[in-house]
Amino acid sequence: MQIIRDIETLREAVVALKQGGKSVALVPTMGALHDGHLSLVRMGREAADHVVASIFVNPTQFGPNEDFAAYPRDEARDAALLRGEGTAILWAPDVATVYPEGHSSHIEVAELGADYCGAARPGHFDGVATIVAKLFNQVQPDVAVFGEKDWQQLAIIRRMARDLDFPVEILGAPIARDHDGLALSSRNAYLSAEERKAAAAFPAALQQAAAAIAGGADVGKALADAEAAILAGGFDSIDYIALADAESLERLQQYRPPARLLAAARIGKTRLIDNHAVNASY
Ligand code: PAF
């Protein structure tokens, strides 16, 4: 696996990978890799001949009071994991390479970015859309893989790729979960032992609400029950819990497929997000 930090070397290496008509999958990450990320790499390997993974803790998607400085970073460990999964290139630029002095362009996917995490984290999705567009231009992949755990992010990236005619197929990888159902996330590392135990209440409540809604229960009541169960389970607050159209993310008062339950909740100092299909196919 080549570890590359400048764009010129990256371009040459990708051209070499693509020789003979071979395809390339991009797996963008911010490092602190866990099994969820590795499942994205595996999906990339199935979808394309080679995988390029990126590690870049993107400052423009963190708010002023968020955890950019504290975000876990261990490139040597991450590189070993990526190597073990057969990754061809690790693209690991520094901030000055990605955002040179005077960088002043950004992308906003207006319609999908305002609600849910976008409301709680102003500017976050502009930062995500901008870095992902830049990664697409830098790596020029045929396929890019993102986790379904960040459902709103995935919907925004799909819309951006469509709107801006990026010649990239976007794949969503199913949420990887721990033994008790908690979605794997780099931020789970912030949980104390007690919080980690309590955190299982979050996916359990979403699963129950999704089953109730699919079974015909009143949406408002199912969401209120889920909220009560999450708080009773030890969470301090709920940022949002909503039934949404799975593609447009429009809030739904009544169930109609394709729909997805989306939620974010805070336990101690940690904000967790999760989502759940309301029927088998979405
Ligand atoms: O999901 C993430 O880890 C990040 O938002 C991404 C897509 C790598 C962009 O920085």
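Below: a short report on this structure. (Residues numbered from 1 in each chain as written. Predicted model: local features only at pLDDT ≥ 70, side-chain atom pairs only at ≥ 80, totals over all residues. Heavy atoms only, no water.)

## Brief notes about the overall build of the chain
So, step 1. If you tally the helices and strands in the chain, you get 11 helices and nine strands.
So, step 2. Principal-axis analysis of the C-alpha atoms gives the chain an extent of 55 × 40 × 35 Å.
So, step 3. In the chain, the proportion of contacts linking residues at least 24 apart, taken out of those at least 6 apart, comes to 72%.
So, step 4. In the form shown here, the chain has an accessible surface area of approximately 13,000 Å², with 50% of it arising from carbon and sulfur atoms.
So, step 5. Positive and negative side-chain charges in the chain, numbering 26 and 37 respectively, have mean positions lying 2 Å apart. (Helix = DSSP H or I, 4+ residues; strand = E, 2+ residues; numbered from the N terminus. Contact = heavy atoms within 4.5 Å. Areas by Shrake-Rupley, 256 points an atom, 1.4 Å probe, with all protein chains shown as cover. Lys, Arg positive; Asp, Glu negative; His and termini not counted. Charge placed at Lys NZ, Arg CZ, Asp CG, Glu CD.)

## What about the packing of aromatic side chains?
So, step 1. Overall, the coordinates contain seven aromatic pairs when judged by the stated rule.
So, step 2. Aromatic side chains Phe62 and Phe68 sit 5.4 Å apart centroid to centroid with 65° between the ring planes, which places their arrangement in the edge-to-face category.
So, step 3. Judged by relative accessible area, Phe62 falls into the buried class, the value being 10%.
So, step 4. By relative accessible area, Phe68 is classed as partly exposed at 27%.
So, step 5. Among the aromatic residues, those joined into a ring-pair cluster are Phe62, Phe68 and Tyr71.
So, step 6. It is Arg73 that lies over the ring of Phe68; its NZ or CZ is 4.9 Å from the centre.
So, step 7. A cation over a ring is seen here: Arg260 above Trp151, with NZ or CZ 3.9 Å from the ring centre. (Phe/Tyr/Trp six-rings, centres within 6.5 Å; stacked < 30°, edge-to-face > 60°. Buried < 20%, exposed > 50% of the residue type's maximum accessible area, 1.4 Å probe, protein only. Lys NZ or Arg CZ within 6 Å of the ring centre and 35° of its normal.)

## Concerning the site of the ligand
So, step 1. For the ligand, the full set of nearby residues is Pro28, Thr29, Met30, Gln61, Ile131, Phe146 and Gln153.
So, step 2. Between an oxygen atom of the ligand and a side-chain N or O atom of Gln61, the distance comes to 2.6 Å.
So, step 3. With the chains in place, 87% of the 290 Å² that the ligand exposes on its own is no longer accessible.
So, step 4. Of the residues contributing to the shell around the ligand, the split by class is four nonpolar, three polar and no charged. (Near = heavy atom within 4 Å. Polar contact = N/O pair within 3.5 Å; in protein donor to acceptor, adjacent residues only side chain to side chain. Nonpolar A, V, L, I, M, F, W, Y, C, P; charged D, E, K, R; others polar.)

## Some points on the pattern of salt bridges
So, step 1. In the structure shown here, the tally under the stated rule is 17 salt bridges.
So, step 2. Between Arg196 and Asp180 there is a salt bridge, with its nearest N and O atoms 2.8 Å apart. With Arg196 in helix 9 (residues 193-198) and Asp180 in the loop between strand 6 (169-173) and helix 9, this pair connects stretches of sequence that are 16 residues apart.
So, step 3. One salt-bridge network, in which partners are shared between bridges, spans Asp178, Asp180 and Arg196. (Salt bridge = Lys/Arg side-chain N within 4 Å of Asp/Glu carboxyl O.)

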